[in-house]
Amino acid sequence: MLEQFFYHPDEEVAGLFRPATEGDPATLASAEEESAIEYLAFLLEGECYAVPISEIREIVRVPPLTEIPRSPKNLLGVMKIRGEVLPVYDVKVKLKLAHERAGIAGPDAELEGIPSSSRILIVRDPDGDVGILVDEVREVIRLKPSTIEPLAPGIGGGDYLLGLAHLGSELVILLDVHKALL
Amino acid sequence: MTGSSKGLSDFVAEAAEILDSLNRDLAILDRSVGRRLQPDLLNGIFRSAHSLKGLASMFGEQRIAQLAHGMEDLLDRLRLGRLEMTDEVVDALIESLDTFQVVLAETGRGDRSEQASRRTEAACERLADFVDTAPLEHEDALDLLELDTQVRDVLTEYEEHRLRQNLREGMEVWKVRAVFDLSDFDRGLARLNANLKTIGEVISTLPSADPGDGTGIAFDIIFASRVSQRKLRSTLSNMPASFQPLFQARTSAPSSDQRQGPAPPAAAAELRLAFPKPVPEEPPRPAVPLDADSVRRALTQTVRVDIGRLDSLMDAVGELLLIKANVARLADEARQPGKPSPGKLWGHQLYRESQLLERKLDDLQKGILEVRMVPLGQILDKLAGAVRRIARESEKEVDFTMRGGEVEVDKLIVEALSDPLMHLVRNAVDHGIESVEERQRRGKRPRALVSVSATQRGNQVVIDVSDDGRGLDDERIRQVAVRTGIVGSAQAAQLSSRELHSLIFLPGFSTANRVSELSGRGVGLDVVKTNISRLSGMIDIHSEAGKGATFTITLPETLAIVRALVVSVSGRVYAVPLNAVSEIASITEKDVRTVERREVIALRGKTIPLARLARLFQHPEKPLSRQFLLVVGLAHQRLALAVDDLLGQQDVVVKPLRGRLRHTSGIAGATDLGDRKPVLVLDPGAIIEEVVNPERRPELV
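Cut-offs applied
- Residues numbered from 1 in each chain as written.
- Chains lettered and ligands numbered in written order.
- Predicted model: local features only at pLDDT ≥ 70, side-chain atom pairs only at ≥ 80, totals over all residues.
- pLDDT = per-residue confidence, 0-100.
- Contact = placed C-beta atoms within 7 Å.
- Pairing = 2+ DSSP bridges.
- Helix = DSSP H or I, 4+ residues; strand = E, 2+ residues; numbered from the N terminus.
- Nonpolar A, V, L, I, M, F, W, Y, C, P; charged D, E, K, R; others polar.
- Core = buried A, V, L, I, M, F, W, Y, C linked by C-beta atoms within 7 Å.
- Buried ≥ 20, exposed ≤ 12 C-beta atoms within 10 Å, placed from the backbone.
- Axes fitted to C-alpha atoms, helices over the stretch in contact; angles between N-to-C directions.

(A) Layout of the confidence of the model for chain B. All names here are of chain B. Averaged over all residues, the pLDDT of chain B equals 77, while 82% of them reach at least 70. Ignoring residues within four places in sequence, the model shows residues 511-523, a span with pLDDT below 50, making 31 contacts including any to other chains. Scored below 50 in pLDDT, residues 696-701 makes 16 contacts in the model with residues more than four places away or belonging to other chains.

(B) Region of interest: the sheet that holds strand E20 (residues 645-653) of chain B. All names here are of chain B. Taken in spatial order, the six strands line up as E20-E12-E13-E23-E22-E21 in an open sheet, and their pairing is mixed. Strands at the two margins of the open sheet, each flanked by one partner only, are E20 and strand E21 (655-656). As judged from the eight bridges shared by strand E12 (residues 561-569) and E20, these two strands associate in the antiparallel manner. Residue Val567 lies in a different strand from E20, and its bridge partner there is Leu646.

(C) Main features of the pairing of strand E16 (residues 598-603) of chain B. Residues and elements named next belong to chain B. Note: strand E15 (residues 592-595) against E16, four bridges, orientation antiparallel. The residue bridging Arg593 from the neighbouring strand is Val600, located in E16. The turn joining E15 and E16, which pair antiparallel and follow one another in sequence, is formed by two residues; a positive phi near 50° is taken by Glu596. Relative to strand E17 (residues 606-612), E16 runs antiparallel, the two being bridged by four bridges. In the strand pairing of E17, Ile601 is matched with Ile608.

(D) Representation of the interface of chain A and chain B in the model. Of the residues lining the interface, 19 residues belong to chain A; the matching set on chain B comes to 22 residues. Among the secondary structure elements, those contributing two or more residues to the side of chain A that touches chain B are strand E4 (75-81) and strand E5 (84-89) of chain A. The greatest single-element share of the side of chain A that touches chain B, amounting to three residues, is contributed by E4(A). Classifying every residue of the side of chain A that touches chain B gives twelve nonpolar, four polar and three charged.

(E) Geometry of the nonpolar core. Counting 89 residues, the largest nonpolar core has B:Leu383, B:Val387, B:Val425 and B:Val429 as the members making the most contacts within it. For this core, the element with the highest residue contribution is helix H4 (residues 87-109) of chain B, accounting for ten residues. Discounting residues that sit within four places of it in the chain, B:Val387 has contacts with B:Val398, B:Phe400, B:Val425, B:Val429 and B:Val450. Formed by 81 residues, the second largest nonpolar core is a distinct cluster that contains A:Tyr39, A:Leu75, A:Tyr89 and B:Val691.

(F) Broad picture of the confidence of the model for chain A. Of the residues in chain A, 78% reach a pLDDT of 70 or more, and the chain-wide mean stands at 80. In this model residues 10-19 of chain A is a low-confidence stretch, pLDDT under 50, and it forms 13 contacts with partners more than four residues away in sequence or in other chains.

(G) Structural view of the sheet that holds strand E10 (residues 170-175) of chain A. Residues and elements named next belong to chain A. If you walk across this open sheet you meet the five strands as E8-E1-E2-E10-E9, and the pairing is mixed. Two strands close off the open sheet at either side, each with one partner strand: strand E8 (136-143) and strand E9 (161-167). Ignoring strand direction, the axes of neighbouring strands in this sheet form an average angle of 35°. Bridge analysis of E9 against E10 gives six bridges, and the strand direction is antiparallel. Across the sheet, residue Leu161 finds its bridge partner in E10, namely Leu175.

So, in structure tokens, the structure goes:
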């Protein structure tokens, strides 16, 4: 990650922000014995979210989806992947990033309406794997648990946001994807 | 206790196979109580118990091992004629089998319940009760043989052991006496032994106690074998030998045998029933409810496959590989740099390969489906046993016949059919069939008849469960229907017999209090119907009051492939299982009427409810001059489903929706029509329920 090589005025305010990048000497000292967990970072409406990579089965381009009649608001439809039929959800609705789900299934579907960088993350779930539509997939980041900041009251969340992390100047929101599907 | 989970599943699969074979054998045994027993049958059961015991011990499954041991002991006594085969004994054996099923299912899940352990103990005790009445302690199997004491003295320990072993295994023992010339007796004897060894075991060759006329040298060969006397005679036909049986059967007591005349000398071939010591009169232990059937389903996700079927699959794959090679070659040709673009000939070749590919893939698919098929006979056997048991319990006389055991159906369907069929058969005996006195009063045969028959009709399987009992009482059904508010009294008076009969499948009826209200049918038929619908099947009833009733179940042969009608609604494509559609019609808007604001349509003189699929699924509706109707359902509950267009008919593989999607109302699964998008397959039964019984709103996903 190139971020760590740039000048970050925030780093001078020690104690308030703790940069998450591993190579940074300021954090290494305090968090040496911890092992970092790898997360996949992705974008939803310009906000950067992250989910532990162990929960992601694979990442695919957005295929044609079939809508399910009378389904819940956040269910986009089903997709077929190597013979398997999986549901695909739009988490933006729950995260209040959008009022309604993307209109990408059904005969009036406009696949052009979503960014070409959109992808579907296939998430492992004991109740059956599911797909999540995201605007863009970023990269894999490594975070030490102690560098994760709990959410202050007033910063929305409910129980599906697990905390905040900092990637240089960028804010990363850790997501509990299973709760975000409910 | 048990090893890795793979080891556990192997154990469960092996044990389940043994239980299957036990099931078959016990069904035959059940039918042959009171008749002559084939020793092979008892031996087969003994061997199953023995294998099960060994397998269970190896895996540390003490409960199963113990019960299997108990079974072995009981069977031993039966084989040796020390215990008489009665209905009670067979019941005890069947109870043990059911207990095995329950315990095995538990083990497969990794559970271990108190209830199952207690049940095992109860079953062991029940077996032990019979065993105790037929002690074997001081008995030596060899005493059963007619052997001179001289001969016995001369036998080595090993030979004695072999003799006992053969007797235990139910072999017949013969004494073959051969006389040879002094000059070549060694060759002659060798030849004789060689011949005998092909059909049994030579236990001992001894100089004969009876030297004969002194010109040659005589031998007595003690020989154990399973073959018939005739076979032995033909094997010895060119030899200077004679034979006689050594196994002395006991004399029998039941008069039926005496009617057949004096017991034939080669009695070793049959096990006579010994005169039993008095069996304790106490009633069998209270039976733990038999949930073995529902438990069985949890047991195996395995099927036994005929190797021939696997071979044809391999052949199909082989041909596919050839096609692949050809396609690769054609592709390569097209890619050659400098070559002109591929011409028509190339196009033809490619087309030909694609045709072959389609055919071969079809074969492969069919072949794989076939592998999943198992014969219905298994369930039919169990039904036979159940009928006999229930008839005994309710003191009725019932004959049971079954046909079509060889009809094959997808394994999942067979497992799922077990419960509903049991239910129907139990209903028939418990409630449909009258007592012997009542039957005689009505001039019917005292012995009632329950029959189950399965036939294949195209790609459907039809199973009929009939009885010649009371049949349905229309009047009573009318009364109950009115009383429980299912129909108004005016409406009830108008319902035809057939329509009344179809009411008994409604849940309302199952809550009707006493069985006698329905005079003939018990509770829970709505459960049976639901189970059958889940298999994409249908159930119907025909009955004549006083004469009997027949339930007819129609099922698709396989759940996996379904013939479907492809339709479009508001621009969306759906597949409708064709076996649910009874007719197709086309209508215009002016044909639609309303009753109490619900849309209906008149079809061939009958008015049935109409549902617009677009409206039901909350899709934007298109105004169309002409719409198509699919009529689904049968008899009492029919529905006309309006769709925009019919796109064709196709065999599709249905994948049920799993996980979070499994409660999707109105949708049975998804399939592939070749497009990358999955196509949803409708669940006509659920849609009918939703529209025709709107009090029961569907749960949204």
